[in-house]
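# Structural characterization, general
Chain residues, written in single-letter form:
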Amino acid sequence: MAIDHVPQAGVNANAPQVAPLDASKLKITLSETLKAIPAPESLVFGGTMSDHMMIVTYHPETGWSDPEIKPYGPLTLDPTSSCFQYSTNLFEGMKAYVGSDGEPRLFRPNMNMARLERTRDRIALPTFDTNELIKLIKKLVVIESRWIPNVPGHSLYVRPTMIGTRPSLGVAASDHATLYVICCPTGPYFRTGARPLSLMAVGEHIRAWPGGTGGYKLAGNYAPTFLPQKLAAKAGYDQVLWLLEDRVTEAGAMNFFAVVKREDGDLDILTSPLDGTILPGVTRDSMLTLIAAHGSKNSLRNIPTSLKLYPHERTFTIGELVQWSEEGRLLEAFTVGTAVVVAGVGRIGSEGRDDIVLPKHEGSMGPIARALHEKITAIQEGREQWEDWSVPCS
Ligand SMILES: *Cc1c(COP(=O)(O)O)cnc(C)c1O
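Calculation criteria
- The residue numbers shown here count from 1 along each chain, following its written sequence.
- This being a predicted model, a pLDDT of at least 70 is required before a residue's local features are given, and a value of 80 or more before pairs of side-chain atoms are given or counted; all residues contribute to the totals for chains, interfaces and linings.
- In computing side-chain values, all of the structure's heavy atoms are included and hydrogens and water are not.
- Numbering of helices and strands runs from the N terminus, with a helix taken as a DSSP run of H or I at least four residues long and a strand as a DSSP run of E at least two residues long.
- When we talk radius of gyration, it's over C-alpha atoms, and the globule rule is simply 2.2 Å times the number of residues to the 0.38.
- Working definition: with a 1.4 Å probe on protein chains only, accessible area under 20% of the residue-type maximum means buried, over 50% means exposed, and in between means partly exposed.
- By the convention used here, residues are in contact when the closest approach between their heavy atoms is within 4.5 Å.
- All accessibility values rest on the Shrake-Rupley procedure with a 1.4 Å probe; residue burial counts only the protein chains present in the view.
- Under the counting rule used here, the positive set is Lys and Arg, the negative set is Asp and Glu, and His together with the chain ends is not counted.
- Note on charges: their place is set at NZ of Lys, CZ of Arg, CG of Asp or CD of Glu.
- Each salt bridge in this description consists of a side-chain nitrogen of Lys or Arg and a carboxyl oxygen of Asp or Glu lying within 4 Å of one another.
- Delimitation of the domains relies on an automatic or database domain assignment.
- Accessible surface is computed with a 1.4 Å probe, and the buried area is the amount of it that two parts give up when combined, taken over both parts together.
- UniProt positions are given in the numbering used here, feature names are shortened, and annotations may be inferred rather than shown by experiment.
- In the analysis that follows, any N or O atom pair within 3.5 Å is treated as a polar contact, provided that within protein one partner can donate a hydrogen and the other can accept it, and provided that, for residues neighboring in sequence, both atoms belong to side chains.

The next point concerns the overall build of the protein chain. Scanning the protein chain for helices and strands turns up 7 helices and 19 strands. Its C-alpha radius of gyration of 22 Å places the protein chain within 12% of the 21 Å reference for a compact globule of 394 residues. Taken along the three principal axes of its C-alpha coordinates, the protein chain extends 70 × 50 × 40 Å. Taking all 394 residues of the protein chain together, 52% fall into the buried category. A sequence separation of at least 24 residues applies to 71% of the contacts in the protein chain between residues at least 6 apart. Accessible surface, the protein chain: about 18,200 Å² in total, of which carbon and sulfur atoms supply 53%. The centroid of the 38 positive side-chain charges in the protein chain is displaced by 3 Å from the centroid of its 43 negative side-chain charges.

Dropping the structure here:
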């Protein structure tokens, strides 16, 4: 039956049973010629992909194909494909680290899978069991483990991607899809060396708004950020600080934190709440946990245990940041995300004027950002244990 119906993934109870995504059906074809691995210090983020990719497709009549790991290479798609016409694209970003024992580990992959599932549902792409995808990602990482630079601060960036491939110009949910995973070795994201980031506060271009899709890792959220990013670069700033009216939301494609000294001398550490305008970052969530644990369960290095850190998920404005800065209470600002891990912020401005200049620190980070960075990388690289955050691949 070839009817150009308008399918709704997962809602038709009478739909015939189709094949589920099944990692046990994986077919592996290894590349006959392996690429030369670039020197770690020459790596540019996303510039060199590894030898292999995982790929699996969904057809509405047959379901999920047998997954394949095969040599990295181009896709061939119909020009009408939903992903090209209607941006039915999503992605995830995660990293595999190798510890001194040589074992590759993923960091909190369940959080990436839960977010992928929410994003997939939001654009009505065909459903699958993300536990099967984790198994496939682990297999791919083990095959690509020679690509993980055994140098601190380096890792294999893993990019699960899902695209709608419905071959029709009809404006409807895509009932065909391709799911693939590609990998690239990475070092420090910003090669600014010891210089902290500068942020341009932008209110006229809005990244995310209430009821919008800013809380999902949809490819369509990123295209509109490139012009403002270019304007920021032209004005001499590294990244955009996204405002919603006067509320501080995120910076670039990273979550934003501010460290504010309290009347009692302890520290408030603020980040915006997950109200739909903020991407729920895995790194953000981890930072909030590590901040809350300071002084009791597991303290941060070089931060006195007597100093209390209060994490807050709450709305704050650019005006408040300026005021705290003028009062000398804004001690640090930093950004977090899988790719960057943690980056210190040195100044925030707009219209050619820096309204906020953060205190200078040795290197590019203040003591709180530095301690959090040290702690999270120790957990990611398997040197320290934290709950079930670091997950071995083999
Ligand atoms: C991916 C992303 C982040 C960071 O999320 P992590 O899970 O920590 O990598 C933050 N903001 C935006 C807009 C993002 O796309």
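Considering all chains together, one arrives at 21 salt bridges under this definition. Where E374 meets R301, a salt bridge forms, and the shortest distance between an N and an O atom there is 2.6 Å. Taken as a pair, E374 in helix α7 (residues 367-380) and R301 in the loop between α5 (282-293) and β15 (309-313) lie far apart in primary sequence, 73 residues in all. Through salt bridges with shared partners, a single ionic network connects R262, D264 and D268.

So, about the domain arrangement of the protein chain. Per the domain assignment, the segments of the protein chain are domain 1 (23-186) and domain 2 (197-384). Put simply, the middle of domain 1 and the middle of domain 2, counted by C-alpha atoms, are 28 Å apart. The interface of domain 1 with domain 2 comprises 24 residues on the first partner and 21 residues on the second. Both sides of the domain 1 and domain 2 interface together cover about 2,000 Å² of buried area, and 63% of this is carbon and sulfur. The largest per-residue losses of area from domain 1 upon contact with domain 2 belong to F91, F107 and R115, which jointly make up 30% of the total buried on that side. There are 1 salt bridge connecting domain 1 and domain 2. Residues R108 and D285 are paired through a salt bridge, measuring 2.9 Å at the closest nitrogen-oxygen approach. Those elements giving two or more residues to the side of domain 1 that touches domain 2 turn out to be β5 (89-91), β6 (94-98), β7 (104-107) and α2 (109-122).

UniProt's feature table lists "modified residue: N6-(pyridoxal phosphate)lysine" (unreviewed entry) at K217, given in the numbering used throughout. Note on placement: K217 falls in the loop between β10 (197-202) and α4 (226-234). Look at K217 and you get buried, because its relative accessible area is 12%. Discounting chain neighbours no more than four positions away, the residues touching K217 are L90, F91, E92, G93, R115, T119, Y222 and L279.

As for its placement among the helices and strands, S286 is situated in helix α5. Of the polar contacts made by the side chain of S286, one reaches the side chain of R108; its length is 2.9 Å. Aside from chain neighbours lying at most four places away, what touches S286 is F107, R108, I376 and W389.

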